[in-house]
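Okay, here's what each chain looks like letter by letter:
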Amino acid sequence: MPKLIIEYRENDEKENYFKENTYFIFTLKDKTTRISIAPNEKRHLKEIVDGIEESLKDGFHLNKNESFEITEFDKNIIEYEEKYKKRIRNDIYNILRNLDEQIKDKIMTWKEIVTKIESRGGITNVNNN
């Protein structure tokens, strides 16, 4: 199954050719696609992923019946955006991804994370889109 790697850029470097644009890179050898999402992107993750997947189904890059292998974390992001009709901001995506990795690596539990956040007064301005 073709792999998918998603990165949300929080800022664009001046020398980045694709500045302010979402782009993807496809590697033929292992059928891995890396999507780099621009900070100013307005589309939801599902729309971006589906569009790229469809454009690659040409028989050369991907076969018509192939789909991306999407991580459970990214599936949850897609589900959230569809449910609330709101795009996750790049900075929030990166915070959540970092927390998800800490949990998978058994560095912290969700309970510890929630307790830590609550002890610091909670999270404010999470959905300012």
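Because the structure is predicted, anything quoted here is derived from the model rather than measured. Throughout this document, residue positions are counted from 1 along each chain, in the order its sequence is written. Residues qualify for local features only when their pLDDT is at least 70, as the model is predicted, and side-chain atom pairs are given and counted only at 80 or more; totals for whole chains, interfaces and linings, by contrast, use all residues. Neither water nor hydrogens contribute to the side-chain values; these are computed over all heavy atoms in the structure.

### Here's the deal with the overall build of the chain
Piece 1. The helix count covers DSSP runs of H or I at least four residues long, the strand count covers runs of E at least two residues long, and both are numbered beginning at the N terminus. Looking only at helices and strands, one finds 4 helices and 3 strands in the chain.
Piece 2. Beginning at the N terminus, the succession of helices and strands in the chain can be written as β-β-β-α-α-α-α.
Piece 3. Expressed along its principal axes, the backbone C-alpha trace of the chain runs to roughly 55 × 35 × 30 Å.
Piece 4. Burial status across the chain gives 33% buried among its 129 residues.
Piece 5. Contact between two residues is taken to exist if any of their heavy atoms lie within 4.5 Å; hydrogens are not considered. Long-range pairs, those at least 24 residues apart, make up 59% of the contacts in the chain with a sequence separation of at least 6.
Piece 6. Between the centroid of the 24 positive side chains of the chain and the centroid of its 26 negative side chains there is a distance of 2 Å. Note on exposure labels: buried denotes an accessible area under 20% of the residue type's maximum, exposed denotes more than 50%, and partly exposed covers the range between, all computed with a 1.4 Å probe on protein chains only. Residues counted as positive are Lys and Arg, residues counted as negative are Asp and Glu, and His and the chain ends are not counted. A charge is said to be at NZ when it belongs to Lys, at CZ for Arg, at CG for Asp and at CD for Glu.

### Quick look at unusual backbone geometry
Piece 1. A positive phi angle is found at Glu 20, which is not glycine, with a value near 65°.
Piece 2. Positioned with a positive phi, Lys 106 is a non-glycine residue whose angle comes to about 60°.
Piece 3. Its place among the elements puts Lys 106 in the loop between α3 (90-104) and α4 (110-119).
Piece 4. The exposure class assigned to Lys 106 is exposed, which follows from its relative accessible area of 72%.

### So, the nonpolar core
Piece 1. The nonpolar core is taken to be a set of buried Ala, Val, Leu, Ile, Met, Phe, Trp, Tyr and Cys residues, with the residues joined through side-chain atoms within 4.5 Å. If you look at the biggest cluster of nonpolar residues, it comprises 19 residues, and the most contacted ones within it are Ile 6 and Leu 45.
Piece 2. Put simply, the parts of the chain that give this core at least two residues each are β1 (3-8), β3 (32-37), α1 (45-56), α2 (72-84) and α3.
Piece 3. For this core, the leading source of residues is α1, giving 5 residues.
Piece 4. Aside from chain neighbours lying at most four places away, what touches Leu 45 is Ile 6, Tyr 8, Ile 37, Asp 74, Ile 77, Ile 78 and Glu 81.

### Quick notes on the pairing of strand β2 (residues 23-27)
Piece 1. Think of it this way: DSSP has to see at least two bridges between two strands before they count as a pair. Strand direction decides the pairing type here: β2 and β3, joined by 5 bridges, are antiparallel. Looking at β3, one finds that Tyr 23 is bridged to Ser 36.
Piece 2. Two successive antiparallel strands, β2 and β3, enclose a turn made up of 4 residues, where Lys 31 displays a positive phi of approximately 55°.

### With respect to the environment of Leu 56
Piece 1. Summarising the element assignment, Leu 56 is placed in helix α1.
Piece 2. Each C-alpha atom of the pair Leu 56 and Asp 30 lies 14 Å from the other, and the pair is 26 residues apart in sequence.
Piece 3. Leu 56 has contacts with Phe 24, Phe 26, Thr 33, His 61, Leu 62 and Phe 68, leaving out every residue within four places of it along the chain.

### With respect to α2
Given 3.6 residues per helical turn, the α-helix brings residues three or four places apart onto the same face.
Piece 1. A helix's residues, less one, multiplied by 1.5 Å, set its expected span. Across its 13 residues, α2 extends 18 Å between first and last C-alpha, which sits within 8% of the 18 Å expected from 1.5 Å per residue.
Piece 2. Residues of α2 that are buried: Phe 73, Asp 74, Ile 77, Ile 78 and Glu 81. Looking straight down α2, one finds that the buried residues subtend no more than 140° of arc, so they occupy a single side. Exposed and facing more than 90 degrees away from the buried side of α2 are Glu 72, Glu 79 and Lys 83.
Piece 3. Against β1, α1 and α3 lie the buried residues of α2.
Piece 4. Backbone geometry just downstream of α2 places Lys 85 in the positive-phi region, at approximately 55°. Taking the helix axis as origin, the arc is that swept by the directions to the C-beta atoms.

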